[in-house]
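So you can see what is in the structure, the chains are spelled out below.
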Amino acid sequence: MSVTTAPAWRPARQEPGWLVRLFEYKPFLVFACLLPAVGLLMVFLTYPLGLGIFLAFTDTTIGRRGIWVGLENFQYLLEDPLWWNAVFYSVFYTAVATVGKFALGLWLALLLNNHMPFKSLLRAIILLPWIVPTVLSAIAFWWIYDPQFSIISFLLVDVLGWRTTNIDFLGSAWPARFSLIAANIWRGIPFVAISLLAGLQTISPSLYEAALLDGSSAWQRFRYITFPMLLPILAIVMTFSIIFTFTDFQLVYAITRGGPVNSTHLLATLAFQRGIPGGQLGEGAAIAVSMIPFLVFATLFSYFGLARRKWQQGEGND
Amino acid sequence: MANVAFRNVRKAFGPVEVLHGVDVDIEDGEFVVLVGPSGCGKSTLLRMLAGLENITAGDITIGNRVVNQVPPKDRDIAMVFQNYALYPHMTVFDNMAFSMKLAKAPKAVMESEVARAAKILGLEQLLQRYPRQLSGGQRQRVAMGRAIVRNPQVFLFDEPLSNLDAKLRVQMRAEIKELHQRLKVTTVYVTHDQIEAMTMADKIVVMNSGNVEQAGRPLELYDTPANLFVAGFIGSPAMNLIPGRVGSGGFEAAGGAVLPLPPGASAAAGTYGIRPEHFRLDPNGLQARVQLVEPTGSETQVFVRLADTLMSCAFRERITAGPGDIIGISPDLSLVHLFDSGTGQRLAA
Ligand SMILES: Nc1ncnc2c1ncn2[C@@H]1O[C@H](COP(=O)(O)OP(=O)(O)OP(=O)(O)O)[C@@H](O)[C@H]1O
Ligand SMILES: [Mg+2]
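Calculation notes
Residues numbered from 1 in each chain as written. Chains lettered and ligands numbered in written order. Predicted model: local features only at pLDDT ≥ 70, side-chain atom pairs only at ≥ 80, totals over all residues. Heavy atoms only, no water. UniProt positions renumbered as here; feature names shortened; annotations may be inferred. Helix = DSSP H or I, 4+ residues; strand = E, 2+ residues; numbered from the N terminus. Rg over C-alpha atoms; globule rule 2.2 N^0.38 Å. Pairing = 2+ DSSP bridges. Axes fitted to C-alpha atoms, helices over the stretch in contact; angles between N-to-C directions. Phe/Tyr/Trp six-rings, centres within 6.5 Å; stacked < 30°, edge-to-face > 60°. Buried < 20%, exposed > 50% of the residue type's maximum accessible area, 1.4 Å probe, protein only. Right-handed = clockwise from strand over helix to strand, strands pointing away. Contact = heavy atoms within 4.5 Å. Buried area = accessible area lost by both parts, 1.4 Å probe. Salt bridge = Lys/Arg side-chain N within 4 Å of Asp/Glu carboxyl O. Near = heavy atom within 4 Å. Polar contact = N/O pair within 3.5 Å; in protein donor to acceptor, adjacent residues only side chain to side chain. Areas by Shrake-Rupley, 256 points an atom, 1.4 Å probe, with all protein chains shown as cover. Nonpolar A, V, L, I, M, F, W, Y, C, P; charged D, E, K, R; others polar.

As recorded in an unreviewed UniProt entry, chain B goes by Sn-glycerol-3-phosphate ABC transporter ATP-binding protein UgpC and comes from Siccirubricoccus deserti. The Sequence similarities (unreviewed entry) field of the UniProt record for chain B holds the comment "Belongs to the ABC transporter superfamily."

With an unreviewed UniProt entry as reference, chain A is termed Sugar ABC transporter permease, source organism Siccirubricoccus deserti. The Sequence similarities (unreviewed entry) comment attached to chain A in UniProt states, word for word, "Belongs to the binding-protein-dependent transport system permease family."

Asks: Teacher, can you tell me more about the overall build of chain A here?
Replies: Within chain A, the secondary structure is distributed over 14 helices and 0 strands. Taken from N to C terminus, the helices and strands of chain A fall in the order α-α-α-α-α-α-α-α-α-α-α-α-α-α. Taking 318 residues into account, the globule formula puts the C-alpha radius of gyration at 20 Å, and chain A, at 28 Å, lies well above it. With respect to the three principal axes, the spread of C-alpha positions in chain A is 120 × 70 × 40 Å.

Asks: What is the right way to read the sheet that holds strand S15 (residues 279-295) of chain B from this model?
Replies: The strands that make up a sheet are held in pairs by hydrogen bonds between backbone atoms, and each pair lies either parallel or antiparallel. Residue and element names in this part refer to chain B. Here we have 4 strands laid out as an open sheet, ordered S17-S16-S15-S18, and antiparallel in their pairing. At either margin of the open sheet sits one strand with a lone partner, and together these are strand S17 (309-315) and strand S18 (326-331). The sheet shows a mean angle of 55° between the axes of neighbouring strands, taken without regard to direction. The pairing of strand S16 (residues 300-306) with S17 spans 7 bridges and is classified as antiparallel. Bridged to leucine 306 within S17 is threonine 309.

Asks: Just to check I follow, could you spell out the UniProt feature "transmembrane region" (unreviewed entry) in chain A for this structure?
Replies: Residue and element names in this part refer to chain A. The UniProt feature table records "transmembrane region" (unreviewed entry) at residues 28-57, 86-112, 124-145, 185-203, 224-246 and 285-306. Here residues 28-57 runs as 97% helix and 0% strand, with 38 Å between its end C-alpha atoms. When the span residues 185-203 is considered, its composition is 89% helix and 0% strand, and the gap between its end C-alpha atoms is 26 Å.

Asks: Quick question: what am I supposed to make of the packing of aromatic side chains here?
Replies: Aromatic rings in a pair are described by how distant their centres are and how their planes are angled relative to each other. Applying the stated rule across the entire model yields 32 aromatic pairs over all chains. A ring pair is formed by Phe88(A) and Trp174(A), whose centres lie 6.2 Å apart and whose planes are at 80°; its orientation type is edge-to-face. Residue Phe88(A) is found in helix H4 (residues 81-112), and its partner Trp174(A) is found in helix H8 (residues 173-201); the two are separated by 86 residues along the sequence. The partly exposed category is assigned to Phe88(A), whose relative accessible area is 38%. Centre to centre, the rings of Phe157(B) and Tyr189(B) are 5.6 Å apart; their planes meet at 35°, and the pair counts as tilted. Separated by 32 residues along the polypeptide, Phe157(B) in strand S7 (residues 154-158) and Tyr189(B) in strand S8 (residues 186-191) bring together distant segments of the chain. Each member of the pair Phe157(B) and Tyr189(B) is classed as buried. Put simply, the rings of Phe54(A), Phe57(A), Trp68(A) and Phe74(A) pair up and form one aromatic cluster.

Asks: Hey, could you run me through the pairing of S7(B) in this one?
Replies: For a regular strand, the rule is simple: side chains alternate between the two faces of the sheet. Residues and elements named next belong to chain B. Along S7, 5 of the 5 residues are buried, which leaves the element largely enclosed by surrounding structure. Across 4 bridges, strand S6 (residues 77-80) lies against S7 in parallel orientation. Bridge assignment links isoleucine 77 to a residue of S7, and that residue is valine 154. The handedness of the S7 to S8 crossover, carried by helix H5 (residues 166-183), is right-handed.

Asks: Can you help me understand the interface of chain B and chain A in this one?
Replies: One frequent convention defines the size of an interface as the accessible area lost when the parts assemble. Contact residues are listed per partner, giving 27 residues for chain B and 25 residues for chain A. Each partner contributes to the roughly 2300 Å² buried at the junction of chain B and chain A, and carbon and sulfur atoms together form 60% of this total. Area buried by chain B at its contact with chain A is led by His89(B), Leu102(B) and Arg132(B), which between them contribute 29% of it. On inspection of chain B and its partner chain A, the count reaches 2 salt bridges. A salt bridge links Arg150(B) to Asp214(A), with the nearest nitrogen and oxygen atoms 3.5 Å apart.

Asks: I keep staring at unusual backbone geometry and nothing clicks. Help me out?
Replies: Comment: phi is negative for the bulk of residues other than glycine, and the bulk of peptide bonds are trans. Residue and element names in this part refer to chain B. Looking along the chain, the bond that leaves serine 236 and enters proline 237 is cis, with omega of 0°. Phi at asparagine 8 is positive, roughly 50°, even though this residue is not glycine. Judged by relative accessible area, asparagine 8 falls into the partly exposed class, the value being 37%. For alanine 85, which is not glycine, the phi dihedral falls at a positive 50°. Mapped onto the elements of the fold, alanine 85 is located in the loop between S6 and helix H2 (92-102).

Asks: Explain the environment of Asp74(B) to me, please; I cannot follow it from the model alone.
Replies: Tracing the backbone shows Asp74(B) in the loop between strand S5 (65-66) and S6. On the basis of relative accessibility, which here comes to 42%, the residue Asp74(B) falls in the partly exposed class.

Asks: I would appreciate a short explanation of the side chain of Ser312(B) in the present structure.
Replies: Within the fold, Ser312(B) resides in strand S17. If we ignore the near neighbours within four places in the chain, the residues touching Ser312(B) are Ala238(B), Asn240(B), Pro276(B), Phe279(B), Gln301(B), Val302(B) and Phe303(B).

Asks: Teacher, can you tell me more about the UniProt feature "domain: ABC transmembrane type-1" (unreviewed entry) in chain A here?
Replies: According to UniProt, the feature "domain: ABC transmembrane type-1" (unreviewed entry) maps to residues 87-304 of chain A in the numbering used here. Regarding residues 87-304 of chain A, the helix share stands at 75% and the strand share at 0%, and the terminal C-alpha atoms are separated by 24 Å.

Asks: Would you explain the site of ligand 1 in this entry?
Replies: All names here are of chain B. In the region of ligand 1, the neighbouring residues are Phe13, Val18, Ser38, Gly39, Cys40, Gly41, Lys42, Ser43, Thr44, Glu159 and His192. Within the side chain of serine 43, a nitrogen or oxygen atom sits 2.5 Å from an oxygen atom of ligand 1. With respect to ligand 1, the side chain of threonine 44 contributes an N or O atom lying 2.5 Å from an oxygen atom. Across the complex, the protein chains shield 57% of the 640 Å² of accessible surface that ligand 1 would expose by itself. In terms of residue class, the shell around ligand 1 is built from 3 nonpolar, 6 polar and 2 charged.

So, in structure tokens, the structure goes:
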């Protein structure tokens, strides 16, 4: 009788190919995974930013490669009343619009945080101004502010009879400035309201019940519970909002193009005006670069001034 | 301090009625525990007393004053929430002083009141911490401190110990009880843990699906449960409730066993109730087969089968018998409860 021994079976264990080994090598994997993101950032962010900063130190114009001029562009800007005008209006525009957006946005968020009928429908409606492309809403505002066909003038003059003449929204400096701020507030409210609403919903209702039993009034509950607990989110939303507002371009350019008599130029529109239609690429870039310190300051202020609170620092135990 | 009364209190959420007419009297300084299974309406009743839910029908009185329309802050009550509801952005001191701050109390008063409460609860070292820097038991104590500084007429607790581990729970149970003995404030305490109820209460109110099943002193409920629900709910390990009917030789259980009846037992009995600890070992008693033996140290719990009837027994003696062995047991006839076959009410023996 012959004994046949079955060959011991082993799970096939192939030597991994070089490609597999390469991808199992961690540094390479990290490099490979980061490559697309880094590449995109380099091409679309770092390169334009770097080029912009470089141009700011040259006297490049359209069609002529410039030479390095050091800080000459910036020295020139400091003596340029239009630049100072734009600095003033950018700061003013940002400050007033931010206050308006946050006052109205917080109010809306508090309203929407209550139980009310058609809540989700209302929330969707609130988002509308943000969903509509800026240029479209800018055109709508252009009509609203039109000296002849303005619906506001129509209401005040023809329907209500409170005025005898149409309002000239965009014809002179201060009305134009405030009209733009109103448009910016309208557009910015949804972002603020929805973000703050999300923040409000993280506050446990039992805190309000505890405060109710502790004898608080509605205002005290807002002052001592809602507001302090909302501060961290408020800080982040405000940082973003300030950055978006300070660098705004579309609304102003579509409605007034910086007019009348350059009174509503923001730094962004002035930079574009100088650089592209004006052809002074170096100078335009310098104006754009001059926004950076303001932005850094605003970011640092709202971040350190508002964001971190001791009660939420570090890891919690739950 | 004040007495509290519920008079035919009803609560409906939309079309669903969750409390069907609750009547409870709570005396001044009494420690009352509301106990019942999950969803029976304990928290709802407590929140109605606090003023956090409105009252659909009936009256709630505090100190003989009907408070149905009185807003929470004017009811002079303090509540400890299940999740403690500490203000996360305030220190322990500020949490405890918050009610006084709202009332614009002078700073010196605030400090002395908080110091008094902190001393009672052993929180002196923690006053400058934030809630997230505290352990569960410490948070629990801060929540109690916040209630104590208010000097309220009534304390309300909604399952305050359910987030703590077993050991801490026993410790906090004793602390709350001691606190009550010291302050003598009327207290309403909600729990679904019947041991907590038995150990802490002056009076237990057993609730089941929106009704009060029985209210009384803990041992009263243990000794004379009003009905099947209370009999099964109070006591651990739970009472044996054996369905069957009264026959000529004793109680004929549905499983086939025949159990001895106390003299003068009513023929209406449909359920035979006997607590595990009221069996004793008796070689001449019922011969039952051991299914499972669970020694807990102080006593031994034995599950036995008699014909097809399963019962649990608890003995102080150590048991040597193992599964499959036969032991003789006999119930203490003076402690047998019989329940009406129709209504489930206890039949007075
Ligand atoms: N806001 C509400 N809307 C609708 N139904 C509710 C509401 N609050 C509670 N209920 C219902 O009322 C009943 C009682 O709830 P309650 O919270 O009082 O129970 P409980 O006895 O405290 O239970 P647990 O021990 O689980 O806390 C439940 O059936 C619950 O579904
Ligand atoms: Mg509850």
